[in-house]
Amino acid sequence: MEIRRFGPGHRRPDGPPGTQGVTGQVIHHDERALVSELAFQRFALITPHANPNTTLFVVISGGGFVQVGDERSHVNHGEAVVWPAGVLHGAYTDGTEMRAIVIELAGGAPPLVLEGRATEGQPLEASVTRAEGALAQRPPLRDDYDSTEGEPW
């Protein structure tokens, strides 16, 4: 078993030229993908840039803003953005901090998205669909849920 450490004490300044207030740590890297964790300070910025890899930007805590092409949107923990290969993309924070897991898929191929529910008697491959490179509509806020009914899904 191999355990890879990341987070506080393991990060270094990260991002393309012009990036400010962002540190990161590579968690895994091979010929198929690069997986890293990024920590954004308040008022941090990853300057808009493009790369040859389709990238998933998965916000795991806090929130901020992302850009895909000319489109910008607010993102919060529990949301993910697809940055298509060859398209300008970036991220920034205002008065909040944000942590994200970034998954760069080699070759620019769109990622496969697996449905989040198990289907009895159906092979896993049947529930695989290709992802689109656009921002999703923002779901309701956590405050909109009745906490007495359990965790929202």
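Residue indices follow the written sequence of each chain, beginning from 1 at its first position. In view of the model being predicted, local features appear only for residues whose pLDDT reaches at least 70, and side-chain atom pairs are presented and counted only at 80 or more, with totals across whole chains, interfaces and linings using the full set of residues. Think of the side-chain values as coming from all heavy atoms in the structure, minus any hydrogens and water.

Draft legend 1. Layout of the pattern of salt bridges. Salt bridges, as used here, are contacts in which a Lys or Arg side-chain nitrogen is within 4 Å of a carboxyl oxygen on Asp or Glu. Within the structure shown, the criterion is met by 2 salt bridges. A salt bridge links Arg99 to Glu37; its shortest N-O distance comes to 2.8 Å. Placement of the pair is Arg99 in strand E8 (residues 98-105) and Glu37 in strand E3 (residues 33-49), with a sequence separation of 62 residues. In DSSP terms, a helix is any run of H or I states spanning at least four residues, a strand is any run of E spanning at least two, and both are numbered starting from the N terminus.

Draft legend 2. Molecular detail of the packing of aromatic side chains. Planes of paired rings set the category: under 30 degrees apart is stacked, over 60 is edge-to-face and the rest tilted, where pairs are Phe, Tyr or Trp rings (Trp by its six-membered ring) whose centres lie within 6.5 Å. Applying the stated rule across the entire model yields 3 aromatic pairs. On the numbers, 6.1 Å between centres and 85° between planes, the contact of Phe40 with Phe57 is edge-to-face. With a gap of 17 residues between them, Phe40 in strand E3 and Phe57 in strand E4 (residues 54-68) connect regions that are remote in the sequence. For Phe57, a relative accessible area of 0% puts it in the buried group. On the basis of an interplanar angle of 25° and a centroid distance of 4.8 Å, the ring pair of Phe57 and Trp83 is categorised as stacked. Of the two residues, Phe57 sits in strand E4 while Trp83 sits in strand E6 (residues 80-83), which places them 26 residues apart along the sequence. We call a residue buried when its accessible area falls under 20% of the maximum for its residue type, exposed when it is over 50%, and partly exposed in between, using a 1.4 Å probe and counting protein chains only.

Draft legend 3. The arrangement of the pairing of E4 in detail. Alignment of E4 against E8, held across 8 bridges, turns out to be antiparallel. By the bridge assignment, Val58 is partnered in E8 with Ile101. We call two strands paired when DSSP finds no fewer than two bridges between them. The pairing of E4 with E6 spans 4 bridges and is classified as antiparallel. The residue bridging Leu56 from the neighbouring strand is Val82, located in E6. Here E4 folds back onto strand E5 (residues 71-76), and the loop between the two strands holds 2 residues, one of which, Gly69, carries a positive phi near 65°. Here 4 bridges tie E4 to strand E7 (residues 89-92), and the two strands are oriented antiparallel to one another. The residue bridging Gln67 from the neighbouring strand is Gly90, located in E7.

Draft legend 4. Representation of unusual backbone geometry in the model. Of note in this structure, Phe43 is not a glycine but carries a positive phi near 60°. You can call Phe43 exposed: its relative accessible area is 60%.

Draft legend 5. Structural context of the confidence of the model for the protein chain. The predictor rates its confidence in each residue with pLDDT, a number between 0 and 100. Across the protein chain, the average pLDDT comes to 79, with 69% of residues at 70 or higher. Contact definition: two residues touch when any of their heavy atoms are within 4.5 Å. Below a pLDDT of 50 lies the segment residues 114-122, which in the model reaches 5 contacts outside its immediate sequence neighbourhood of four places, other chains included.

Draft legend 6. A look at the nonpolar core. Throughout, nonpolar core names a set of buried Ala, Val, Leu, Ile, Met, Phe, Trp, Tyr and Cys residues whose side chains join them through atoms within 4.5 Å. Among the nonpolar cores identified, the biggest contains 16 residues, and Phe40, Phe57, Val66, Val81 and Trp83 are the most heavily contacted of them. At the level of elements, E3, E4, E6 and E8 are the ones that each hand at least two residues to this core.

Draft legend 7. Region of interest: the pairing of E8. Here E3 pairs with E8 via 8 bridges, running antiparallel. From the neighbouring strand, Leu38 faces E8, where its bridge partner is Ala100.

Draft legend 8. Representation of the environment of His49 within the structure. Looking at the secondary structure, you find His49 in strand E3. Residues His49 and Gly90 lie 41 residues apart in sequence; the distance between their C-alpha atoms is 6.5 Å. In this view, His49 contacts Pro16, Val87, Leu88 and His89; residues no more than four positions away in its chain are not counted. At 2.8 Å, the side chain of His49 forms a polar contact with the backbone oxygen of Thr47. Identification of polar contacts relies on pairs of N or O atoms within 3.5 Å, with a donor-acceptor requirement for protein atoms, meaning one able to donate a hydrogen and the other able to accept it, and with residues adjacent in sequence counted only if both atoms are side-chain atoms.

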